[in-house]
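Analysis of the macromolecular model
Given next are the chains, with one letter for each unit.
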Amino acid sequence: MAAKPIIIDCDPGVDDAIALLLAFASPELNLLGITTVAGNVPLSLTAKNARKICELAGRTQIPVYAGCSRPMMRSLTTAEEVHGKTGLEGVDLPEPQMPLQSQHGVDFLIDTLMSSSGEITVATLGPLTNLAIALIKEPRIATKIPEVVLMGGAISQGNVTASAEFNLYVDPHAAHVVFSSGIKLTMFSLDVTHQVLTTPERLEKIRAIATPVGTAAANLLGHYSSRDAERFEMTGGPLHDPCVIAYLLQPDLFNYRDCYVEIETASELTLGRTVVDSWNSSGRSPNTKVTQTADSERFYQLLTERLAKL
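Presented here is a report on the structure given in the accompanying data block. Since this is a predicted model, take the numbers as computed values, not measurements. (Residues numbered from 1 in each chain as written. Predicted model: local features only at pLDDT ≥ 70, side-chain atom pairs only at ≥ 80, totals over all residues. Heavy atoms only, no water.)

1. Some remarks on the environment of Ala-47
Test applied: Each helix corresponds to a stretch of at least 4 residues labelled H or I by DSSP, and each strand to a stretch of at least 2 residues labelled E; elements are numbered beginning at the N terminus. Working definition: with a 1.4 Å probe on protein chains only, accessible area under 20% of the residue-type maximum means buried, over 50% means exposed, and in between means partly exposed. Any two residues whose heavy atoms approach within 4.5 Å at even a single point are treated as in contact.
Tracing the sequence through the fold places Ala-47 in helix H2 (residues 43-56). We classify Ala-47 as buried; its relative accessible area is 3%. Counting along the chain gives 13 residues from Ala-47 to Ile-34, while the straight-line C-alpha distance between them is 9.2 Å. Once you skip the residues sitting within four places of it in the chain, Ala-47 turns out to touch Thr-36, Val-64, Ala-66 and Leu-100.

2. Some details on helix H9 (residues 200-207)
What counts, and what does not: The arc in question is the one traced by the directions running from the helix axis out to the C-beta atoms.
Turning to H9, its buried residues are Arg-202, Leu-203 and Ile-206. Angular distribution of buried residues about the axis of H9 spans 100°; they occupy a single face of the element. In this structure, H9 carries Pro-200, Glu-201 and Lys-205 as exposed residues pointing more than 90 degrees from its buried face. Packed against the buried residues of H9 are strand S7 (197-198), helix H10 (212-231) and helix H12 (296-307).

3. Thoughts on the sheet that holds strand S2 (residues 29-36)
Where we set the bar: Should DSSP find at least two bridges between two strands, the strands are regarded as paired. Orientation is described by axes fitted as lines to C-alpha atoms, over the contacting stretch for helices, and by angles from 0 to 180 degrees between their N-to-C directions.
Overall, mixed pairing links the 9 strands, which are arranged S3-S2-S1-S4-S5-S6-S11-S9-S10 in an open sheet. Two strands bound the open sheet, and with one partner strand each, they are strand S3 (64-66) and strand S10 (274-277). Within the sheet, the average angular offset between the axes of one strand and its neighbour, ignoring direction, is 30°. Bridge count between strand S9 (residues 254-263) and strand S11 (residues 288-294): 6 bridges; the pairing is antiparallel. Bridge assignment links Tyr-256 to a residue of S11, and that residue is Thr-291. Against the sheet, helix H7 (residues 172-179) makes contact with strand S5 (148-151), strand S6 (185-188), S9 and S11, and its axis sits at roughly 110° relative to S9, the strand it touches most.

4. Observations concerning the pairing of strand S1 (residues 4-10)
Put simply, the test is: Clockwise travel from the first strand over the helix to the second, with the strands pointing away from the viewer, marks a crossover as right-handed.
Counting buried positions along S1 yields 5 of 7 residues, so the element is predominantly enclosed. The pairing of S1 with S2 spans 7 bridges and is classified as parallel. Bridging from a neighbouring strand, Asp-9 pairs with Thr-35 of S2. At this point the chain moves from S1, through helix H1 (residues 14-24), to the parallel S2, and the crossover so formed is right-handed. Here 4 bridges tie S1 to strand S4 (residues 121-124), and the two strands are oriented parallel to one another. By the bridge assignment, Ile-6 is partnered in S4 with Thr-121.

5. Topic: the nonpolar core
Where we set the bar: By nonpolar core is meant a set of buried Ala, Val, Leu, Ile, Met, Phe, Trp, Tyr and Cys residues that side-chain atoms within 4.5 Å join together.
In terms of nonpolar packing, the biggest core is built from 64 residues, with Ile-8, Phe-24, Ile-34, Ile-245 and Phe-254 touching the most fellow members. Tallying contributions element by element places H1 first for this core, with 9 residues. Those residues in contact with Ile-34 that sit more than four places away from it in its chain are Ile-8, Cys-10, Leu-20, Phe-24, Ala-50, Cys-54, Ile-62, Pro-63, Val-64 and Tyr-65. Counting 34 residues, the second largest nonpolar core, distinct from the first, contains Ile-7, Leu-135, Val-261 and Val-276.

Set out below in structure tokens:
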């Protein structure tokens, strides 16, 4: 089968970095480009970090584009306390030599989608600002996207507030645009990513790869996982963004329910919350395939095997 054409929109970020590495190691995916957005750290760092990860994996032919530097209607909230000041705490990668593309990330999304003779899947690992602005600027791109696979949301407990997950809290208005766009959505919320834990045993298997990529991945995950494992009282830290890429490779790693989902944009108390109608209480047609469970053993087997290929 031909490789699936995709664009990854991200805000690296440790878990974004692991997701990118997983994509790089997967010939089933034809990665057309990477767009970056402000989120875990400011845009200047996310654009730099994406290129650092490309160079670490020897994938310097993949173009990287900087997108939006702030949310649509709010000031930027970042997560340096989780990812470190650089966004890649735990490793000291050299300054990237590959160029940052001059085109804005939003324009790359629009031009690539509109000029394609086929459809292109969009994988979003951070705030949805770039995709929302692209949809506003050129609504016709919705017909060119067969699926947006996104990490974001929380059915139960948030991680930046009691209600909201970080990515959708950072730019809830962008999330509203995407969730109301009519595009087929598949959502990986905290309820699923908190099932995918980097336990000490899983971390050691990644470290045992003993390549530059394996060592960097283990060092990144070692720092990143320890904080969340302690905070959430779990046996390891949750690994969010790579779930999106794993789904594109092996969708049977996860179980799903079709639900109607909308985004809270008015209440300061619950801003950014994904309101998930699991039982069709509202009578509205589902707009999102909401992931329910994950096979974490098979997920880490896939991740470890693929990282070893780089």
